[in-house]
Protein chains: 2
Amino acid sequence: MTKLVQEVEAILDQTLPSAAVVPEVLHESMRYSTLGGGKRLRALLAMAACAAVGGDLGNTRGFVAAIEMVHAYSLIHDDLPCMDDDDLRRGKPTNHIVYGEALAVLAGDALLTEAFAELARMPEKYGISPEITVRVILEVAEGAGSQGMVGGQVVDIAGQERELDADTLRYIHDHKTGALFKAALRGGALLGGANEEHLSQITRFAESFGLAFQITDDILDETGQAQQLGKAVGRDQSLGKQTYPRLYGLETSREMAKRCVEECHEALHTFSDKAELLRELATFIIQRDH
Amino acid sequence: MTKLVQEVEAILDQTLPSAAVVPEVLHESMRYSTLGGGKRLRALLAMAACAAVGGDLGNTRGFVAAIEMVHAYSLIHDDLPCMDDDDLRRGKPTNHIVYGEALAVLAGDALLTEAFAELARMPEKYGISPEITVRVILEVAEGAGSQGMVGGQVVDIAGQERELDADTLRYIHDHKTGALFKAALRGGALLGGANEEHLSQITRFAESFGLAFQITDDILDETGQAQQLGKAVGRDQSLGKQTYPRLYGLETSREMAKRCVEECHEALHTFSDKAELLRELATFIIQRDH
């Protein structure tokens, strides 16, 4: 897994315009928030899904860069003063603290746009068919869009300082984080040559994985160490956000996360041992400490 | 032209998610800033370029929606307090004045993302080939990205309150507005079945058109009526922005714009009378009063 993360880092470094390209400060800002940190979970999921259906990992190169750029953009915008107003991310000052608000908005905009450029370059750079390229672009755009990730963020922000019911909390997480996990997994599977049966199982995996991830994130926000998390703990609580531990208690939340991981493994029961990385990622996700 | 503008409006209305779709306030905000206003210049350019190469206007339906959504997103983000801090746009309060800053950032993000979704739906909805779809997506992403529109906005903001030289002013306009015009024109031409010779002439047209547009915009900012412009006049000056009239004087600026329009017509000299709309748009652009 460490080796794959290093590969993702190298691909991102090559894909992002160099900080010597005009406008230099924009490219520096984009690179600041995209390189040198993060679990690269979405990229790993994409590669694991590609491998799980018997595909060649080389096919995912443009895609993993794009999906990590979309993720990086979403973090920059989420951290803005008008959103969650966070100063610290992955142990470093957030983008707007370093570059100012205007450039943070624009670096996010540019990362999102360049992600789609990189996807559209997949036929030329990596020999992906235009048919698959278009399907993958649609997965990413729908996963990241108004009824996906951005929709989740809107409901999340609207819900601050209010008591949310379990359905609304579920909506937020399914969309804010789950939708991009699903795009990463389905996109990776498509690039690996998945058939419809594969895709439907991968989708089932994605839904349980997303929930397991989010419940664990909420638990870590209450119990984790700031140093390991690379961000302030108790942040959700201070923003008045609803979380799984607040709604169900810590113990039940842990059991829910565990049950989700079991469902992940069930979704993959017809897959060969090529799905091992995907299985490992599901197990890893609730055992992590950051 | 009025009829085409009404068609664009209808396509946008159908393409944007209804304000009844969750999250309702996000879709309302996206519709607020996209529908019911604007010259639809980018859409008209796309349709005119498609027609100019002998293409069927029906092929541009998804594309014109997408390009206007990208334009709408850029206006929402440009108007933010951390950018140009504008309260008025097309005679209406700007998005962040109505919906707040957080939602304005997110509505912009969602419009940009949905634009790419709509482009990726062109094969399924409008029978466009995946090959052309991918090329068009790359045109839009590169035109809107860090070395296109966003790059221009970065240099524009960095240049406020400084004396800019003519080269920097040209860079800003080529990128901030010119790059998306070029994407609209080249994308429209590609959807109309353009060959490489067509594309190269359309590109020449785009470059002169963008400059004519921007010089005229600067002139109107000094001489126009707020009511006709739908925004405050003298805005560039109060932001300390460099403009063509400030750099060259009003009369020389008017002559420069006129010369650009002549170059537009020269770029089209091998085109048939199917390029009439494109020719008219070039003439119109320096005669407008808003």
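Quick note: structure is the one above.
Novice: Could you clarify how one ought to interpret the overall build of chain A in this entry?
Specialist: Scanning chain A for helices and strands turns up 16 helices and two strands. For a compact globule of 290 residues, the expected C-alpha radius of gyration is about 19 Å, and chain A comes in at 18 Å, within 12% of that figure. The dimensions of chain A, computed from C-alpha atoms along their principal axes, are 50 × 50 × 30 Å. When each of the 290 residues of chain A is scored for burial, the buried share is 56%. Across chain A, every contact between residues at least 6 apart in sequence was considered, and the portion connecting residues at least 24 apart equals 70%.

Novice: Would you mind going over helix α8 (residues 130-144) of chain B with me for this structure?
Specialist: Since there are 3.6 residues in each turn of an α-helix, residues three or four apart along the chain are aligned in direction. Residue and element names in this part refer to chain B. Its 15 residues give α8 an end-to-end C-alpha distance of 21 Å, which sits within 8% of 21 Å, the value for a rise of 1.5 Å per residue. Of all the 15 residues making up α8, eleven are buried; the element is thus mostly covered by neighbouring parts of the structure. Taken together, the buried positions of α8 are occupied by Thr133, Val134, Val136, Ile137, Leu138, Glu139, Val140, Ala141, Glu142, Gly143 and Ala144.

Novice: Quick question: what am I supposed to make of the relation of the copies chain A and chain B here?
Specialist: Between the two copies of the chain lies a rotation about an axis combined with a shift along it. With an RMSD of 0.0 Å, the operation that places chain A on chain B is a rotation of 180 degrees combined with a shift of 0.0 Å along the axis. Interpreted geometrically, this transformation is the action of a two-fold axis. In terms of C-alpha distance to the rotation axis, chain A has Pro130 of chain A as its closest residue, with the C-alpha 2.6 Å off the axis. A high fraction, 100%, of the interface residues of chain A reappear at the interface in chain B, so the copies pair face to face through one surface.

Novice: How do you make sense of the packing of helix α3 (residues 41-52) of chain A against helix α16 (residues 276-287) of chain A when you look at a structure like this?
Specialist: To describe two helices that pack against each other, one gives the angle between their axes and the distance between the axes. Residues and elements named next belong to chain A. At their nearest, the axes of α3 and α16 sit 7 Å apart, and the two run at 140 degrees to each other. Across the interface between the two elements, Leu44, Leu45, Ala48, Ala49, Ala51 and Ala52 from α3 touch Leu277, Leu278 and Leu281 from α16. Split into classes, the residues belonging to the contact of α3 with α16 amount to nine nonpolar, no polar and no charged.

Novice: Explain the interface of chain A and chain B here, please?
Specialist: Quite often, the size of an interface is put as the accessible area lost when its parts meet. With 44 residues of chain A at the interface, the matching set in chain B holds 44 residues. For the side of chain A that touches chain B, the secondary-structure elements that each account for two or more residues are α2 (24-34), α6 (101-120), α8 (130-144) and α9 (149-158) of chain A.

Novice: Sorry if this is basic, but what is going on with the packing of helix α11 (residues 196-223) of chain B against helix α15 (residues 250-267) of chain B here?
Specialist: All names here are of chain B. It is at 8 Å that the axes of α11 and α15 come closest, and there the two elements cross at 160 degrees. Between α11 and α15, the interaxial angle falls into the category roughly antiparallel. The handedness of the crossing between α11 and α15 comes out as left-handed. Taken together, the residues of α15 that come into contact with α11 (itself represented by Gln201, Arg204, Phe205, Ser208, Phe209, Leu211, Ala212, Ile215, Thr216, Asp218 and Ile219) are Leu250, Ser253, Arg254, Met256, Ala257, Cys260, Val261, Glu263, Cys264 and Ala267. Its residues assigned to classes, the contact of α11 with α15 shows 13 nonpolar, four polar and four charged.

Novice: Got a minute to help me understand the environment of Ala10 of chain A in this structure?
Specialist: Residues and elements named next belong to chain A. Positionally, Ala10 belongs in helix α1 (residues 2-15). When the 11 C-beta atoms within 10 Å are taken as the criterion, Ala10 is described as exposed. Taking the C-alpha atoms as reference, Ala10 lies 36 Å from Met256; in sequence the two are 246 residues apart.

Novice: Which parts of the structure should I look at to understand helix α10 (residues 166-191) of chain A?
Specialist: Residue and element names in this part refer to chain A. The first and last C-alpha atoms of α10 sit 35 Å apart over 26 residues, in line with the 38 Å expected at 1.5 Å per residue. Approximately 50 degrees is the largest bend angle found in α10, and it occurs at Gly178. Within α10, 21 of the 26 residues are buried, which leaves it mostly tucked inside the rest of the structure. Just downstream of α10, Gly193 is the residue with a positive phi angle, here 90 degrees.

Novice: Can you walk me through the environment of Gly143 of chain B in this structure?
Specialist: All names here are of chain B. Relative to the assigned elements, Gly143 resides in helix α8. Residues Gly143 and Lys182, spaced 39 residues apart in sequence, show a C-alpha to C-alpha distance of 7.2 Å. Contacts of Gly143, omitting those with residues within four sequence positions, involve Gly148, Met149, Ala179, Leu180, Lys182 and Ala183.

Novice: Please clarify how the environment of Gly54 of chain A should be interpreted in this entry.
Specialist: Residues and elements named next belong to chain A. Relative to the elements of secondary structure, Gly54 occurs in the loop between α3 and α4 (61-78). Between the alpha carbons of Gly54 and Ala189 there is a distance of 9.0 Å; along the sequence they are 135 residues apart. In this view, Gly54 contacts Gly192, Gly193 and Lys274; residues no more than four positions away in its chain are not counted.

Novice: Explain unusual backbone geometry here, please?
Specialist: The phi angle of most residues is negative, glycine excepted, and most peptide bonds adopt the trans form. All names here are of chain A. The peptide bond linking Val22 to Pro23 adopts the cis configuration, its omega dihedral lying at -5 degrees. Following the sequence through the fold, Pro23 ends up in the loop between α1 and α2. Within the chain, Arg40 stands out as a residue other than glycine whose phi angle is a positive 60 degrees. Along the polypeptide, Arg40 turns up in the loop between α2 and α3. Phi at Arg90 takes a positive value of approximately 50 degrees, unusual for a residue other than glycine.

Rules used in this analysis
Residues numbered from 1 in each chain as written. Chains lettered and ligands numbered in written order. Predicted model: local features only at pLDDT ≥ 70, side-chain atom pairs only at ≥ 80, totals over all residues. Helix = DSSP H or I, 4+ residues; strand = E, 2+ residues; numbered from the N terminus. Rg over C-alpha atoms; globule rule 2.2 N^0.38 Å. Buried ≥ 20, exposed ≤ 12 C-beta atoms within 10 Å, placed from the backbone. Contact = placed C-beta atoms within 7 Å. Expected span 1.5 Å × (residues − 1). Least-squares fit on C-alpha atoms with pLDDT ≥ 70 in both. Axes fitted to C-alpha atoms, helices over the stretch in contact; angles between N-to-C directions. Nonpolar A, V, L, I, M, F, W, Y, C, P; charged D, E, K, R; others polar. Parallel < 35°, antiparallel > 145°, perpendicular 65-115°, else oblique. Left-handed = near helix turned anticlockwise from the far one by under 90°. Bend = angle between axes of the 7 residues up to and from the residue.

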